[in-house]
Amino acid sequence: QVQLVESGGGLVQPGGSLRLSCTASGSIFRLNVMGWYRQAPGKERELVATITNGGSTDYADSVKGRFTISRDNLKKEMCLQMNSLKPEDTAVYYCKGIRSMSWGRSEEYWGKGTLVTVSS
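This report concerns the structure included in the present document.

What counts and what doesn't
- Residues numbered from 1 in each chain as written.
- Predicted model: local features only at pLDDT ≥ 70, side-chain atom pairs only at ≥ 80, totals over all residues.
- Heavy atoms only, no water.
- Helix = DSSP H or I, 4+ residues; strand = E, 2+ residues; numbered from the N terminus.
- Rg over C-alpha atoms; globule rule 2.2 N^0.38 Å.
- Buried < 20%, exposed > 50% of the residue type's maximum accessible area, 1.4 Å probe, protein only.
- Contact = heavy atoms within 4.5 Å.
- Areas by Shrake-Rupley, 256 points an atom, 1.4 Å probe, with all protein chains shown as cover.
- Core = buried A, V, L, I, M, F, W, Y, C linked by side-chain atoms within 4.5 Å.
- Disulfide = S-S within 2.5 Å.
- Phe/Tyr/Trp six-rings, centres within 6.5 Å; stacked < 30°, edge-to-face > 60°.
- Lys NZ or Arg CZ within 6 Å of the ring centre and 35° of its normal.

### Here we look at the overall build of the protein chain
Point 1. The number of helices and strands found in the protein chain is 0 helices and 11 strands.
Point 2. Counting from the amino terminus, helix and strand elements in the protein chain follow one another as β-β-β-β-β-β-β-β-β-β-β.
Point 3. For 120 residues, the compact-globule estimate of 2.2 N^0.38 gives 14 Å, and the protein chain sits close to it at 14 Å.
Point 4. Dimensions of the protein chain along its principal axes, counting C-alpha atoms only, are 45 × 30 × 25 Å.
Point 5. Among the 120 residues that make up the protein chain, the fraction classed as buried is 40%.
Point 6. In the protein chain, once contacts between residues fewer than 6 apart in sequence are set aside, the share between residues at least 24 apart is 55%.
Point 7. Of the accessible surface of the protein chain, which amounts to about 6,800 Å², a share of 48% is contributed by carbon and sulfur atoms.

### Let's talk about the nonpolar core
Point 1. Membership of the largest hydrophobic core comes to 29 residues, with the highest contact counts inside it found for W36, L80, M82 and Y93.
Point 2. With 4 residues, the top contributor of residues to this core is strand β3 (residues 18-24).
Point 3. Residue contacts for M82: discarding those within four places in its chain leaves G16, S17, L18, L20, R66, F67, Y93 and V116.

### So, the state of the cysteines
Point 1. The full count for this structure, using the stated rule, is 1 disulfide.
Point 2. There is a disulfide in this structure between C22 and C95, and the S-S distance comes to 1.9 Å. As the torsion about the S-S bond is roughly -70°, the C22-C95 disulfide counts as left-handed. One end of the pair, C22, is in strand β3; the other, C95, is in strand β9 (residues 91-100), and 73 residues separate them in sequence. The burial state of C22 is the same as that of C95; both residues are buried.
Point 3. Left unpaired, C79 is separated from the closest cysteine sulfur, that of C22, by 8.7 Å.
Point 4. Residue classification places C79 among the buried positions, given a relative accessible area of 6%.

### A word on the packing of aromatic side chains
Point 1. For the structure on display, the rule yields 2 aromatic pairs.
Point 2. With a centroid separation of 6.5 Å and 80° between ring planes, the pair formed by Y94 and W110 is classed as edge-to-face. Residue Y94 is found in strand β9, and its partner W110 is found in strand β10 (residues 106-110); the two are separated by 16 residues along the sequence.
Point 3. Residue classification places Y94 among the buried positions, given a relative accessible area of 12%.
Point 4. Here W110 falls in the partly exposed class, since its relative accessible area comes to 31%.
Point 5. Put simply, the rings of Y37, Y94 and W110 pair up and form one aromatic cluster.
Point 6. Sitting over the face of the ring of Y94, R45 holds its NZ or CZ atom 3.8 Å from the ring centroid.
Point 7. In this structure, R45 packs its charged tip against the face of W110, placed 4.7 Å from the ring centre.

So this is what it looks like as structure tokens:
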């Protein structure tokens, strides 16, 4: 089993930057895909970015060009560098890992979230 813990959230002004970190207590080699999700007040949780074990990345259109996702399996860490932050980026950000299993099944691991507030 894997436990994920997010850190790095806080208050930042529009146009500023933050770097979020997701640290695992166990190995993340088996987590084929990891990603960041966010949930804004009154809205459903949405996908922000994903990264595979091989390093392939994908981003939501709303953050493409501003956010960068990365992972280091040896350090058991996944990060999200957020630049040019906008008020609409305000949300609780969650770390997620997916382990693919047999016959189309999978296991999901979630952190408890870290709050990012973008406001002047």
